[in-house]
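# Architecture at a glance
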Amino acid sequence: MNRLANHRLHTACAALSAEDYAAARVGFFPSIRATLNHILLVDRFYINALEGHPLDRAALDAAQGLTTLQALRAAQAQCDARLLAFVAALTPERLTRSVTVDRGDRQQHDRADDLLAHLFQHQTHHRGQVHAMLSSTRVAPPQLDEFIVSDDAAARAKDMAALGWSEADLMR
């Protein structure tokens, strides 16, 4: 669902001019670009930890410096693929295992399922902010909820095709 929501939001943002994408807006982060970069940064941070890797400051710094939507989309798609692969490989035991989150100055220890819940809530929260920011542009905010249930299959067909997914991939 996360990958599909990112795709849908990025597709809407692609209709913005470069100026509108970077323009100052009301939100926790000062622009659509800064908010999308923040989502990517935090995704990289937590996925890295979930995969068992130490803090990767270079990857986090790079996420903050993406100035074009094209670069952000490519980087987010790679990150989303990592998250999908991680989740696909989960077992009940792996869901409840302790994960070390390297914060540079300290080590945090949390269960994998708790970190995933936190990550998904973070993504949803900030995608909602971008959705609200789009309301002040000429681009209509995309539907980001009520598009997962089976009754909404027709409404997501174009997005699913763009991702190379089938209904069986989504509704398993």
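If you're wondering where the values come from, they're calculated on a predicted model, not measured in any experiment.

### Some words on the layout of surface pockets
Taken as a whole, the second largest pocket holds about 190 Å³ of empty space. Looking at the second largest pocket, it is lined by ten residues, and the ones nearest its centre are A5, T124, R127, L144 and D145. Elements with a minimum of two residues in the lining of the second largest pocket: α1 (2-13) and α7 (112-134). Among the elements that make up the lining of the second largest pocket, the one with the highest residue count is α7 (three residues).

### A short note on the packing of α1 against α7
It is the contact of α1 with α7, at a shortest axis distance of 11 Å, that shows an interaxial angle of 20 degrees. The orientation of α1 relative to α7 falls into the category roughly parallel. The crossing of α1 and α7 is left-handed. Contact residues: α1 offers N2, A5, N6, L9, A12 and C13, while α7 offers Q123, R127, V130, H131 and L134. Residue composition of the contact of α1 with α7, grouped by class: six nonpolar, four polar and one charged.

### Thoughts on the pairing of strand β2 (residues 107-111)
Inspection of the sheet shows strand β1 (residues 98-102) paired to β2 by five bridges, in the antiparallel sense. From the neighbouring strand, T100 faces β2, where its bridge partner is H109. Here β1 folds back onto β2, and the loop between the two strands holds four residues, one of which, G104, carries a positive phi near 85 degrees.

### With respect to the packing of aromatic side chains
A complete count under the given rule lists two aromatic pairs for this structure. Ring centres of F28 and F29 lie 5.1 Å apart, and the angle between their planes is 75 degrees; this geometry places the pair in the edge-to-face category. Judged by centre distance (4.9 Å) and plane angle (85 degrees), the rings of F45 and Y46 are edge-to-face. Each member of the pair, F45 as well as Y46, carries the same accessibility label: buried.

### Quick look at empty space enclosed by the protein
In this structure the tally under the stated criterion is one cavity of 30 Å³ or more. Each pocket or cavity is described by its volume, and for the largest cavity that value is around 40 Å³. Among the elements that make up the lining of the largest cavity, the one with the highest residue count is helix α3 (residues 32-50) (three residues). Residues that form the lining of the largest cavity fall into these classes: four nonpolar, two polar and one charged.

### Some details on the environment of L95
The residue L95 is located in helix α6 (residues 92-95) in this model. It is 9.6 Å that separates the C-alpha atoms of L95 and L115, two residues lying 20 residues apart in sequence. If near-sequence neighbours (up to four positions away) are discounted, L95 is found in contact with L90, R111, A112, D113 and L116.

Reading the values: rules and limits
- Residues numbered from 1 in each chain as written.
- Predicted model: local features only at pLDDT ≥ 70, side-chain atom pairs only at ≥ 80, totals over all residues.
- Heavy atoms only, no water.
- 1 Å grid on protein atoms, 1.4 Å probe; cavity = no way out; pocket = protein on both sides within 12 Å on 5 of 7 lines; lining within 4 Å.
- Points joined across faces, edges and corners; volume = space filled by probe spheres on them.
- Helix = DSSP H or I, 4+ residues; strand = E, 2+ residues; numbered from the N terminus.
- Axes fitted to C-alpha atoms, helices over the stretch in contact; angles between N-to-C directions.
- Parallel < 35°, antiparallel > 145°, perpendicular 65-115°, else oblique.
- Left-handed = near helix turned anticlockwise from the far one by under 90°.
- Contact = heavy atoms within 4.5 Å.
- Nonpolar A, V, L, I, M, F, W, Y, C, P; charged D, E, K, R; others polar.
- Pairing = 2+ DSSP bridges.
- Phe/Tyr/Trp six-rings, centres within 6.5 Å; stacked < 30°, edge-to-face > 60°.
- Buried < 20%, exposed > 50% of the residue type's maximum accessible area, 1.4 Å probe, protein only.

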